[in-house]
Amino acid sequence: MSPALPAWSRPFTAAGPLDALPPDAPRHAELIDGVLATRPPQSAFRMFATRLFERSLRPPAHLAVIRSMTVALGPRLLLAPDVLVARRPAIGPATTSFRPDQVHLVCEVVPAASRERDRRTRPIRYAGAGIEHYWRVECEDDQPVVHAFHLDRDAGAYVSAGVHRGRLRLDVGFDVDIDLGLEWPPA
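The rules behind the values
Residues numbered from 1 in each chain as written. Predicted model: local features only at pLDDT ≥ 70, side-chain atom pairs only at ≥ 80, totals over all residues. Heavy atoms only, no water. Salt bridge = Lys/Arg side-chain N within 4 Å of Asp/Glu carboxyl O. Helix = DSSP H or I, 4+ residues; strand = E, 2+ residues; numbered from the N terminus. Expected span 1.5 Å × (residues − 1). Bend = angle between axes of the 7 residues up to and from the residue. Phe/Tyr/Trp six-rings, centres within 6.5 Å; stacked < 30°, edge-to-face > 60°.

I'd like to hear about the pattern of salt bridges, residue by residue, with values.
Taken as a whole and assessed by the stated rule, the structure comprises 12 salt bridges. A salt bridge links D177 to R167; the nearest nitrogen and oxygen atoms lie 2.6 Å apart. Taken as a pair, D177 in strand β13 (residues 175-179) and R167 in strand β12 (residues 167-171) lie far apart in primary sequence, 10 residues in all. Among the charged side chains, a salt-bridge network with shared partners connects E108, D118 and R122.

So, in structure tokens, the structure goes:
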């Protein structure tokens, strides 16, 4: 007789928050097509690059920078970008997830284990949900390289807003100017 599967391995919907999962469930998970997907272990690059964007983005007062919270893109699709910029009225003490219309920008720092998903699947999903800006951050020579995209609403897809090395200067509805240099080991 096979051992019973853990309760967290059953099919899910985004109707129930992932923070209500049983205690034995993986801590960092996303819901992709109803299947609970664990995120790969975090590298030092991913941790420090995420911190760089979290601390350096300066949106206007009606927006806020959020780290590691989920976006419910559909009943069976709940993604957790590394950093997002959300509309401030959507944030409350009990907030565990955002709707796409509450999200202005998502930023994914790409680990090798999910490179294909971050390059191909996520942009299609985020664009299809109407999220205005998508950044894919990859490691090149131990430094962040930002592949920035904005939504072409007529096409329903992202178009490039440039590949940024060394410095990220961009208008995403507010001015962004971030020095992308990371010292190793970071202070």
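Now that the structure has been shown, the text picks up again.
Tell me about helix α2 (residues 115-128), and please be specific about residues and values.
For α2, which comprises 14 residues, the first-to-last C-alpha distance of 20 Å matches the rise-based estimate of 20 Å (1.5 Å per residue) to within 8%. Remark: the principal bend of α2, roughly 40°, maps to T121, with a proline, P123, within the next four residues. Just downstream of α2 lies G130, where phi reads positive at about 90°.

For the packing of aromatic side chains, give the residues involved together with the corresponding values.
All chains considered together, the criterion is met by five aromatic pairs. Connected via pairs of aromatic rings, a cluster forms that spans Y126, Y134, F149 and Y158.

Honestly, that's just the spatial picture; any functional story needs more than this.
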